[in-house]
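Coordinate analysis (summary)
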Amino acid sequence: MLLSDIIAGFQLSAPSANPEISGLSLNSARIGPGCLFFAIQGAKTDGHVFIPDALARGAAAIAATRPPEKEFGAPYLQVADMPGFMAHCAGTFYKHPSAALRLTGITGTNGKTTTSYFFESICSQAGEKPAAVGTINYRIAGKVISSAPNTTPVIVELSELLAKARDAGSGSAVMEVSSQAIESGRILGLEFDAAVFLNLSQDHLDHHRTMPAYFAEKKKLFLQLNQSPKQNKIAVLNADSPESGAIERALNRSVRPVWFGLKNGRGYSIAAVKHTLDGSSFQITAPAGKALSARINLWGDHNVSNALAAFACAVESGIKPETALAGLAALPCVPGRMQRIDRGQNFHVFVDFAHTPDGLEQTLASIARLKTAKVYTVFGCGGDRDRAKRPLMARVVCGRSDFAFITSDNPRTEPPERIFADITAGLAESGATDFSVIDDRRRAIAAALARARENDIVLIAGKGHEQGQLLADRVLPFCDAAVAREELDKLGGAHAV
C-alpha cells in the first residue's frame with residue numbers, strides 16, 4: 001500500500017516521496033524493507049534514537065513527534081497527535097479488522113483476565129475461533145501467538161493481531177482493556193460491540209494519582225462504545241459496583257445496558273452458590289428467565305462474578321445460554337489465577353495474581369469460607385508503583401491469614417527495604433505480629449511450604465502467571481508455580497498424603 005494511501009485523510013504535509021509500505025512498527029528491531037517506522041517517546045526509551053537503525057533495516061518512511069535532526073533520505077512525517085496517527089494508519093493498512101469481528105472489551109481493576117478466559121471459552125464452544133488479548137498472552141483459536149509485554153498492546157500491534165484473527169476466520173475477539181491503554185490511545189479507532197465493567201478499587205495511583213482520574217480512564221471505553229458504528233451494542237455493568245451507575249448515565253441510546261451482580265439482584269443474578277477446592281456450582285437467573293445450573297472449575301465469589309459477567313455478555317451477544325454454560329464449565333483453569341499446585345502433599349497450595357488490597361481481600365475471603373486449618377500467605381508489593389496501597393495490602397493479608405511471609409514481588413529500581421518498610425508500617429498500626437520478612441522470594445515460598453501441615457492452605461500471591469522478577473538491572477527468571485513445585489519436591493514425603 002502506498003504511503004499516501006495510508007495517511008490519506010489525516011492532516012499532514014505531503015511526504016517528500018511516496019514509497020510502497022509493507023508493514024508498520026514501533027520497534028526498530030522488527031523493521032523490514034518497506035516498513036513505516038513510528039518513533040515515539042516511551043516511558044523508558046526514546047524511539048527517535050532508533051531512527052538510524054530502522055532506516056538501516058530498510059524502513060521506507062519515518063513518522064516522529066519531533067523535527068528531523070538531519071536529512072535521513074526517506075520521507076519524514078512530523079506528527080503532533082501520534083496516538084491518533086498510529087490508529088489511523090493501522091486501521092487503513094489492516095483494513096479495519098475490528099469491523100469484521102464481534103469485539104468485546106473488558107475493563108476493571110480485578111478480574112479482567114479470568115473474565116476474558118471465560119468469555120473466550122464460551123466463544124470457542126460456539127465455534128467462533130476467538131482471538132483473545134490480555135495480560136498473560138495473545139491467542140487466536142486457542143493458539144498462543146505471542147507473550148504479552150502489555151495487557152493491551154499498542155494499536156499498531158493490536159490491529160495486526162485482529163487482522164490475523166479475521167483472516168483466520170475468527171468470528172469474535174475479546175480483549176482486556178487497561179486504564180493506561182485507554183489513556184495512551186492504544187484502542188483508538190477500534191469498533192466495539194460490547195464493553196464490560198467489572199469493578200474499581202485502588203491500584204495504579206502512582207500513574208493516575210487519584211481514584212476519580214483512574215475511573216475517568218475506565219469510563220472512556222464506554223464513551224468509545226457510544227461512537228462505534230456497530231449495531232446492537234451492549235454495556236455489561238456490575239450492579240455490585242457503585243461506579244456502574246455513572247457509566248450507565250454516560251451511555252447514549254445506541255448502547256443497551258446489561259446488568260449482572262451477586263449481591264444486587266438487578267439483571268443476571270446468582271443463587272445457591274456452593275464452593276469446594278475443586279470449583280463452584282451455582283444457579284444463574286437471567287432477566288425474566290428460569291434458573292440455570294452452572295459449574296466452573298474455579299472457586300470463590302469473585303470468580304463466580306467473573307463467570308456471570310462473561311455469561312451475561314455472551315448471551316446478550318447472541319450465544320445460546322446452554323452453549324454459554326458449557327463454555328464456562330469447559331475452562332479448566334486460568335494460569336496464575338487460584339492455580340492449584342499439587343505434588344502429593346497433604347495441604348493445599350495456590351498461586352494467585354492478587355496484587356491489590358481488594359484483590360487480596362476477595363481471594364482470602366474465599367479461602368476463609370473453605371478454611372479447613374491454617375492459612376499462610378506469601379506476598380509482596382511492586383517497586384516504583386503505588387506506595388499507598390502497601391499498608392492496605394498488609395492489613396488485609398495479616399487480618400485474613402494465620403501467618404504472613406512478606407517478600408519481594410517485582411522491586412524494579414526501588415530498594416526492597418523501603419517497600420518492606422511501607423508494608424510493615426501498616427502492620428504496626430494494627431498491632432499485627434504474625435509475619436516475617438524474607439527478602440528472597442524463593443526462600444519465603446519454601447518457608448511457607450515447610451510450615452504448612454495437613455489441610456492447611458498456602459497462598460502465594462502477587463505474581464500469578466509471571467515468568468520473571470523485575471529487578472533494577474535485569475529480569476530474573478522466576479515462576480511462582482514452578483518454584484512451588486520445586487520446593488514441594490524438596491520436602492519429599494514429609495508432607496505426603
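Here we summarise the structure given alongside this text. (Residues numbered from 1 in each chain as written. Predicted model: local features only at pLDDT ≥ 70, side-chain atom pairs only at ≥ 80, totals over all residues. Heavy atoms only, no water.)

Applying the stated criterion across every chain, the model contains eight aromatic pairs. Taking the centre distance of 6.0 Å and the plane angle of 70 degrees together, the rings of F38 and F85 count as edge-to-face. You can see F38 sitting in strand β2 (residues 35-39) and its partner F85 sitting in helix α3 (residues 82-93), a full 47 residues away along the chain. Each member of the pair, F38 together with F85, is buried. An aromatic cluster is built from F10, F38 and F85, whose rings are joined through pairwise contacts. Positioned above the aromatic ring of Y117 is the side chain of R139, whose terminal nitrogen or guanidinium carbon lies 4.1 Å from the ring centre. Note that R451 overlies the ring of F403, its terminal NZ or CZ placed 4.0 Å from the centroid. (Phe/Tyr/Trp six-rings, centres within 6.5 Å; stacked < 30°, edge-to-face > 60°. Helix = DSSP H or I, 4+ residues; strand = E, 2+ residues; numbered from the N terminus. Buried < 20%, exposed > 50% of the residue type's maximum accessible area, 1.4 Å probe, protein only. Lys NZ or Arg CZ within 6 Å of the ring centre and 35° of its normal.)

Evaluation of the coordinates by the stated rule reveals 25 salt bridges. Note that D278 and R340 form a salt bridge whose closest N and O atoms lie 3.1 Å from each other. Of this pair, D278 sits in the loop between β13 (268-276) and β14 (279-285) while R340 sits in strand β16 (residues 339-340), and the two are 62 residues apart along the sequence. When the shortest N-O distance is used, the salt bridge between R400 and E361 registers 2.6 Å. Remark: E361 occurs in helix α12 (residues 357-370) and R400 occurs in helix α13 (residues 389-400); sequence separation between them is 39 residues. Classification of R400 as partly exposed rests on a relative accessible area of 34%. Since its relative accessible area comes to 27%, E361 is described here as partly exposed. (Salt bridge = Lys/Arg side-chain N within 4 Å of Asp/Glu carboxyl O.)

Right, let's talk about the pairing of β13 for a bit. Every other side chain in a regular strand lies on the same face of the sheet, so the side chains alternate between the two faces. Two strands pair when backbone bridges link them, and strand β12 (residues 255-261) and β13 are joined in this way by two bridges, in the parallel orientation. Counted as the bridge partner of G261 is S269 from β13. Taken together, the six bridges between β13 and β14 define a ladder with antiparallel strand orientation. Following the sheet pairing, T276 is matched in β14 by G279. Between the end of β13 and the start of β14, which pair antiparallel, lie two residues. (Pairing = 2+ DSSP bridges.)

Time to look at the sheet that holds strand β18 (residues 375-379). Either a parallel or an antiparallel arrangement is found when strands of a sheet pair, and the pairing is made through backbone hydrogen bonds. Strand order in the open sheet made by the six strands is β16-β17-β21-β18-β19-β20, with mixed pairing throughout. The open sheet terminates on both sides in strands that have one partner only, identified here as β16 and β20 (435-437). Two elements, strand β19 (residues 403-406) and β20, share three bridges in a ladder whose sense is parallel. The residue of β20 that forms the bridge with F405 is S436.

None of the figures reported here should be taken as evidence of function without further support.
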